[in-house]
Each structure stands twice: as C-alpha cells, then as structure tokens.
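What the coordinates show
Residues per chain are reported as follows:
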Amino acid sequence: MQETAVPSAPPTPPVSLAALLSRDDLGLRQITGPPAGEVTIHGAHTSEMSDPYPYLLGGELLLTAGVHIPEAAGRPGSFDFDGYVARIVAAGGAALGFGVAPVHDTVPTGLVAACEQHGLPLVEVPPRTTFSGVARAVWQLMARARLSELRRITEAQQGLAAAASRPDPVPSVLRRLAGRLEGRAVLYGPEGAEIAAAGREPGDEVRRALAELARFVTGHPSSTATDTVAGTRLAAYALGPGRGFVLGVAAPHRESGDHTIASVAAVLLSLLTGEHQSGTGAARSSALVRLLLGARREEVAPLLGGGEGDGAVTRWYVVHARPDTGAPDAVSASALGAALGSPLVDAADDVVRVLVPAPPQAEGGGGVRPERDGGVRPEAGAAAPRKPPAGSGPAGSGPAGSGPAAQPGWTLGVSAPVAPAEWPAADAQAARALARARATRSALVRHAERPGFADLVPPGEAEAHARALLAPIGGVPALAETLRAWLSLHGSWDRTAVALSVHRNTVRQRIARCAALLGADLDDPDVRMELWFALRHLRG
C-alpha cells in the first residue's frame, strides 16, 4: 500500500536486545523467545498493571516485578498469563523483562510458557539490577545509535554534495545514493521514462512497482510516497512542483536515516534537473567564460537571467548570509539561493553570497540608489523581523520593490540595487550590512542610502580630507576597520566585538589606540561625526 506520510527528520534508531543483554553490569538473561539479535527495542517502560495495553506505544521493553499476580501476595486464584502476554503482544511490546525479587524468587513457569507460545522475548532481571538501571542502559544505547546515525547522514550529505559537483552530476549523485542505501536509485523524466539509474537491478515486480510509485507522486499533492513490494522498500520523491521529474529508490532494508539521505539527493537532483529543464545553466556557463576572457560585467549580466526592466539597466542585489547555527554547506546554500529566487550562489568560508536580480519596482530609480563616488553609506535600514514580511514581490522578496526578505534560520545583509558595473561596491555594502545584522542580532539589515550634507562636498576633496585626517591610523587596517564598526554601532563595545568576531577588550584597546594616534576625544560627538564622514569617503 502506498504511504505518503514520511517523517521530516530521522527518528532515533532502535537498539538490539542483544546489545542490552551484552551489558555485563546488568546481568540480564533471556529465558525464551526469538533470538535477541532479531529483536529491536524503541524504549523501556515499567508497569505493574494487570493489563498494560493502554500504556504502551509499541516497541518497548516492558519491565515488571509481578506485583499484579495474585499468588505473589498469598491470595488464592489463578492468573491468566496467556491473556496478559497476548495483550502485550497486541500493543506491540518488543520484550518483557521480569524482575526477580522482592516479590518473586523465580520467573513464574506460566509466564515462561505464555511468552514462548506468543513468541515474546522474556528476559530475567536479577535482584541486583534496578529497573531504572535497565531503562538508563536502553537510553544510553539509543543515544549512541543516534550519534552513529547522524554521523552516517553527515557523511552521506558530504558525499552527495561532492558528487553533484562532478562533471556528470546526475549519474554521480545516483551512484552515490545507491551505494549508500545498498539499493537502486532511478531518475524518472516528466513522461515517466527512466533517464538515469544506478545500483543493483531489481526484479521485474519491484521495477514496475517503483515506476508506478513515481507516477503516483506526480499526480498527487504529496511530494513523497513509500511502499513495500517483495520485501523491498520503495520510495519516490517529486523533484520540484510541476516539473515532472521524480527520484525513485528501492532498497532491501531501510534505516532510520535513509529518508533524510534520499531527501538530500532529491534536493540536489531538483536543482540539477531545474537547470537542465530551463537551459539557464548553459547561459551562466557562457557568462563565466566571457568574464574570464575579459568581457565587462554589464555585457554578460543579461545572460544570467532575471532582473531586466523595460529598457532600463538591469539592477541586482548582493546578499551576504550566515546560518544562525553551524556552518553553511553546499545544500543549505543552494536552498537559500532558491528561496531568494536566484541560482547564483557562492558558499565560501562561513558566509554565503547570493546575486539576486532586482524586481522592476527596484529599477525605476526611486527609493535607494548607489552613491556617485562608489562609497558605502551607513546601514540605515530597520532590522527585519524574524518572520519574512508578506508582499507582492517574487519568491524570497519582501514587499514590492523592497528586495530580498528575511529567511528563517539565516542572518542576512542586503546591498542597494546596483548595475553590474557596481557589483564590487554592492558586495562591500552587503558585507557591512551583515556585520551590523549580526551585531544587533537582527534577521536582516538593508543598506539604505539617502541624500545628505556629505553630498555637498566634491568626492575628490572629501577623499583628500579623509586621507589627511586618518593618516595616523592609515597604516593599520585593523584600526580603521574597528573605528568604523565602533562608530556605526554608536560606541557599543559588545556589539562591535560581535561584528568583528573579536574580544571586547580587543575593541577597547584598538579604540584607545585610535584616540591616541589621532589625538582626538572620541567622546565628543563632533569628533565622531567628522571621523565617520572621513571613513565613508576613504577608499582602499
């Protein structure tokens, strides 16, 4: 039967009963039931109820001391061991652990017979071992299994990302996925035909069922579906809405993290098939070749697609982004680019850079504009809320004409919309906006520009004055950088330290050094204003 409900994250892997029995400190002994290596446990639960069925979720090692058995208290009457064990099996219990002492000296023979009849593993718990100790051992084993599974998933993600960067990315991803899952991986086209495949060839029945499952996900709202045929686990993943490409997977067994691994492959193949279908990959390759051969940025920008207005010069945003946790990888960077509406992504070090085409509303000359001298104005935009604002712009954008919107799990700095010739200046704008966003713990900061008194001073004279004023610290880039960040953050030591990724005492020392070399009182607002003016007009 086809199933469309798939967990969004890999569950905690179960542990083998054999692993629990191998713990010498517990001294457990299996009395009857299937081999311990064939029994998996999802948890441990203690109950002295005569009917534990309502309290079990399935997969537990049920622990009991037999308090509920009448003979234990010296009362007459027989106990229905068969009914008791049958209810445990009906609830999905994985095994029964019976504690010897303080109630029973031995495991009741009736219980042994009932467990043997129903095929329920029965484990004797010695007097020296507490039930809490058994439960703790189960959770420890599950934690180790979880860590091992996460490592396996991480290694698989890295391998799939590396495969996607090869000259033959689609076959490479399929081969890597099939090897990881020890099965078959197939890419189906919009018409349902096999485009590429890797791994062990399954039987005709499994092959037909996998193709049928692929057709199922293309005709239903759900993007994933699973099935089991002839003992083989099948799964199908639709690669993007409405495109018709499907990833099919057939494996003889399915571990808890296999869905996550296959989902990563599906994301990568979705990006790769998206390029193949739209033809933009070839255009971007052509743009790269032309740049390397000396063409100007504004000449190759039309090949990158998007952002073209009615006869106006195409404008673009540069976005710098850092994940809120961990370091960015190729998959998360590509996903961010897709959310912002651009495939032009560069994941270098700990910052992801995305070149995003500006919608027509941002190209009409209104709102923000680039500075004439190519300098960077202070980020005056308000911090964006953590929830992306709603608007009428394209996917990944805020309100119409406002540019890229905040993305969950990321901190973003966004430049002003600029022409291709001004991309380097926009790159610097985005970097400073990101530094400010991190310092203020905001989801997004935009570089905002507006006319001011500084525009009344000719750029050449402003630069000459800036060089003369800042000459004492000009030979130490770290001092000028720290002074700029400190002034932009209103003299906050802590936020400046966060923006520069240094200790707050380092900020204090550098600012004190600046004050001494410049011979200036940095507590004077007039001095701060003049230094800020100079820093904004100082190039290189």
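The following refers to the structure shown.

Parameters and conventions
- Residues numbered from 1 in each chain as written.
- Predicted model: local features only at pLDDT ≥ 70, side-chain atom pairs only at ≥ 80, totals over all residues.
- Heavy atoms only, no water.
- Helix = DSSP H or I, 4+ residues; strand = E, 2+ residues; numbered from the N terminus.
- Contact = heavy atoms within 4.5 Å.
- Areas by Shrake-Rupley, 256 points an atom, 1.4 Å probe, with all protein chains shown as cover.
- Axes fitted to C-alpha atoms, helices over the stretch in contact; angles between N-to-C directions.
- Parallel < 35°, antiparallel > 145°, perpendicular 65-115°, else oblique.
- Nonpolar A, V, L, I, M, F, W, Y, C, P; charged D, E, K, R; others polar.
- Pairing = 2+ DSSP bridges.
- Salt bridge = Lys/Arg side-chain N within 4 Å of Asp/Glu carboxyl O.
- Buried < 20%, exposed > 50% of the residue type's maximum accessible area, 1.4 Å probe, protein only.
- Phe/Tyr/Trp six-rings, centres within 6.5 Å; stacked < 30°, edge-to-face > 60°.
- Lys NZ or Arg CZ within 6 Å of the ring centre and 35° of its normal.
- Core = buried A, V, L, I, M, F, W, Y, C linked by side-chain atoms within 4.5 Å.

**Concerning the overall build of the protein chain**
- Per the secondary structure count, the protein chain includes 16 helices and 17 strands.
- Expressed as a percentage of contacts within the protein chain between residues at least 6 apart in sequence, the contacts between residues at least 24 apart total 66%.
- Carbon and sulfur atoms make up 55% of the accessible area of the protein chain, which amounts to about 26,000 Å² in all.

**A word on the packing of helix α14 (residues 493-500) against helix α15 (residues 504-518)**
- Axis separation between α14 and α15 bottoms out at 8 Å; the angle between their running directions is 105 degrees. Considering their axes alone, α14 and α15 lie roughly perpendicular with respect to each other. Contacts between α14 and α15 involve Trp493, Asp494, Thr496, Ala497 and Leu500 from the first element and Arg504, Val507, Arg508, Arg510 and Ile511 from the second.
- Its residues placed into classes, the contact of α14 with α15 shows 5 nonpolar, 1 polar and 4 charged.

**Let's talk about the sheet that holds strand β11 (residues 232-238)**
- Taken together, 5 strands build an open sheet; the order of strands is β9-β8-β12-β11-β10 and the sheet is antiparallel. With partners counted over all chains shown, the strands left at the sheet margins are β9 (194-199) and β10 (224-229), one partner each. On average, adjacent strands in this sheet sit at an angle of 15 degrees to one another, irrespective of strand direction.
- As defined by bridge partners, β10 adjoins β11 across 6 bridges and the pair is classed as antiparallel. When the sheet's bridge partners are listed, Thr224 is paired in β11 with Tyr237.
- The strands touched by helix α5 (residues 169-181) are β8 (184-188), β9 and β12 (246-251); relative to β9, the strand with the most contacts, the crossing angle is about 40 degrees.
- Contacts between helix α6 (residues 204-218) and the sheet are confined to β8, β9, β10, β11 and β12, with β11 contributing the most and set at about 30 degrees to the helix.

**Quick word on the pattern of salt bridges**
- Enumeration over the complete set of coordinates arrives at 13 salt bridges.
- Close ionic contact of Arg207 with Asp204 constitutes a salt bridge, the shortest N to O distance being 2.3 Å. In this pair, Arg207 and Asp204 are both assigned in helix α6, 3 residues apart and thus about one turn of the helix distant.
- Here Asp204 falls in the partly exposed class, since its relative accessible area comes to 45%.
- Between Asp494 and Arg504 there is a salt bridge, with the nearest N and O atoms lying 2.6 Å from each other. Here the residue Asp494 occupies a position in helix α14, and Arg504 occupies one in helix α15, the gap between them amounting to 10 residues.
- In this structure Arg504 comes out as partly exposed when scored by relative accessible area, which is 31%.
- Several salt bridges converge on common partners, so that one network encompasses Arg184, Glu201, Asp204 and Arg207.

**Quick word on the side chain of Thr496**
- Structurally, the position occupied by Thr496 is in helix α14.
- Its relative accessible area of 0% is what places Thr496 among the buried residues.

**Here's the deal with the packing of aromatic side chains**
- Scanning the entire structure with this criterion turns up 4 aromatic pairs.
- When the ring of Phe79 is compared with that of Phe81, the centres are 5.0 Å apart and the planes differ by 70 degrees; the resulting orientation is edge-to-face.
- Classification of Phe79 by relative accessible area gives buried; the value is 15%.
- Residue Phe81 is classed as buried on the basis of its relative accessible area, which comes to 15%.
- Arg87 extends its terminal NZ or CZ atom over the ring of Tyr53, reaching a point 4.1 Å from the ring centre.

**Describing the nonpolar core**
- Grouped together as the largest cluster of nonpolar side chains are 30 residues, with contacts concentrated most on Leu160, Val173, Leu174, Leu177, Leu247 and Leu269.
- At the level of elements, α4 (131-164), α5, β8, β9, β11, β12 and α7 (258-278) are the ones that each hand at least two residues to this core.
- Excluding residues that lie within four positions of it along the chain, Leu174 makes contacts with Ala185, Val186, Leu187, Ala196, Ala197, Ala198, Leu247 and Leu269.
- Membership of the second largest hydrophobic core comes to 24 residues, among which are Leu28, Ala94, Val123 and Val138.

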